[in-house]
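Coordinate inspection notes
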Amino acid sequence: VVWHNRPYEAIIREVVSGGHDLLLKMAHQNDKFESLIFTPLDWQLLRKCPCPVWMVKDKVWPEQGSVVVGVNLSNEESYHDALNLRLVSLTQDLAKRIVKDPAIHLVSAYPVAPINIAIELPDFDPNTYNNALRGQHLIAMKELRQQFSIGEE
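Residues numbered from 1 in each chain as written. Predicted model: local features only at pLDDT ≥ 70, side-chain atom pairs only at ≥ 80, totals over all residues. Heavy atoms only, no water.

Moving on, we get to the overall build of the protein chain. Counting its regular elements, the protein chain contains 5 helices and 6 strands. Expressed along its principal axes, the backbone C-alpha trace of the protein chain runs to roughly 55 × 40 × 40 Å. For the protein chain, with 153 residues in total, the buried portion stands at 27%. Looking at the protein chain alone, contacts between residues at least 24 apart form 65% of all its contacts between residues at least 6 apart. Just so you have it, the protein chain exposes about 11400 Å², and 54% of that area is on carbon and sulfur atoms. (Helix = DSSP H or I, 4+ residues; strand = E, 2+ residues; numbered from the N terminus. Buried < 20%, exposed > 50% of the residue type's maximum accessible area, 1.4 Å probe, protein only. Contact = heavy atoms within 4.5 Å. Areas by Shrake-Rupley, 256 points an atom, 1.4 Å probe, with all protein chains shown as cover.)

As for its placement among the helices and strands, histidine 137 is situated in helix H5 (residues 126-147). Excluding anything up to four places from it in sequence, histidine 137 contacts Leu73, Ser74, Ser108, Ala109 and Tyr110.

Turning to the pairing of strand E6 (residues 103-107), a few remarks are in order. A one-sided burial pattern is seen for E6, the buried positions being Ile104 and Leu106 and the unburied ones Ala103, His105 and Val107. The pairing of strand E5 (residues 66-70) with E6 spans 5 bridges and is classified as parallel. By the bridge assignment for E6, valine 68 is matched with histidine 105. Between the parallel elements E5 and E6, the chain passes through helix H3 (residues 79-98) in a crossover that is right-handed. (Pairing = 2+ DSSP bridges. Right-handed = clockwise from strand over helix to strand, strands pointing away.)

What follows deals with helix H1 (residues 7-18). The terminal C-alpha atoms of H1, which comprises 12 residues, lie 16 Å apart, in line with the 16 Å expected from a rise of 1.5 Å per residue. For H1, the complete set of buried residues consists of Tyr8, Ala10, Ile12 and Val15. Looking at the buried residues of H1, the elements they touch are helix H2 (40-48). Following H1 by one or two positions, glycine 19 has its phi on the positive side, about 65°. (Expected span 1.5 Å × (residues − 1).)

Right, let's get into the state of the cysteines. Throughout the structure, instances matching the rule amount to 0 disulfides. Of the cysteine sulfurs around cysteine 51, a residue in no disulfide, the closest is that of cysteine 49, at 3.7 Å. (Disulfide = S-S within 2.5 Å.)

Our focus in this paragraph is the confidence of the model for the protein chain. Model confidence for the protein chain is summarised by a mean pLDDT of 85, while 92% of its residues fall at 70 or above. No element of the protein chain has a lower mean pLDDT than strand E3 (residues 35-37), at 56, and none a higher one than H1, at 95. (pLDDT = per-residue confidence, 0-100.)

What follows deals with the layout of surface pockets. The computed volume of the largest pocket comes to approximately 1300 Å³. In this structure, the largest pocket is lined by 40 residues; those nearest its centre are Leu46, Val53, Met55, Val68 and Gly70. For the lining of the largest pocket, the secondary structure elements donating two or more residues are E3, H2, strand E4 (53-56), E5 and H3. The greatest single-element share of the lining of the largest pocket, amounting to 8 residues, is contributed by H3. Of the residues that constitute the lining of the largest pocket, the class distribution is 26 nonpolar, 10 polar and 4 charged. Taken as a whole, the second largest pocket spans an internal volume of roughly 300 Å³. If you go around the second largest pocket, you meet 16 residues; those closest to its centre are Leu73, Ser74, Asn75, Leu133 and His137. At 7 residues, the largest contribution of residues to the lining of the second largest pocket is made by H5. Within the lining of the second largest pocket, the residues separate by chemical class into 8 nonpolar, 6 polar and 2 charged. (1 Å grid on protein atoms, 1.4 Å probe; cavity = no way out; pocket = protein on both sides within 12 Å on 5 of 7 lines; lining within 4 Å. Points joined across faces, edges and corners; volume = space filled by probe spheres on them. Nonpolar A, V, L, I, M, F, W, Y, C, P; charged D, E, K, R; others polar.)

Here you go:
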């Protein structure tokens with residue numbers, strides 16, 4: 001047991017000092033919404049942990065269960081490409097240990113143009129910008145999923 005006013009820092013310190021390559025974190029289910037609810041601790045770990053974080057629940061894995069992998073498809077930092085490959089590969093390996101033919105899904109998010117930019121720059125068309133950005137992410141997602149034989153759906 002480690003007492004710390006910021007639990008995510010203590011967990012990350014343990015991950016680093018122990019040289020761990022995966023963190024399993026229990027996610028809690030809310031009966032009202034029938035979905036996983038992530039706590040601030042979950043979000044801090046997902047954002048800052050230096051190794052992959054696998055959110056799990058204490059239920060038997062359903063036969064048709066699926067796994068979602070969050071990837072970063074922005075080209076801002078080159079290390080994201082290698083991390084994406086590692087995350088998807090590790091997820092496929094771990095998921096196949098749980099279920100014979102896992103349904104693996106990739107998810108990515110990107111920021112759209114702020115609404116106020118159209119006011120500040122009259123010639124700027126946020127729809128064109130957003131569509132171009134979406135297109136770039138769809139192409140990057142297709143390239144990534146095809147490397148791992150993950151279907152379009």
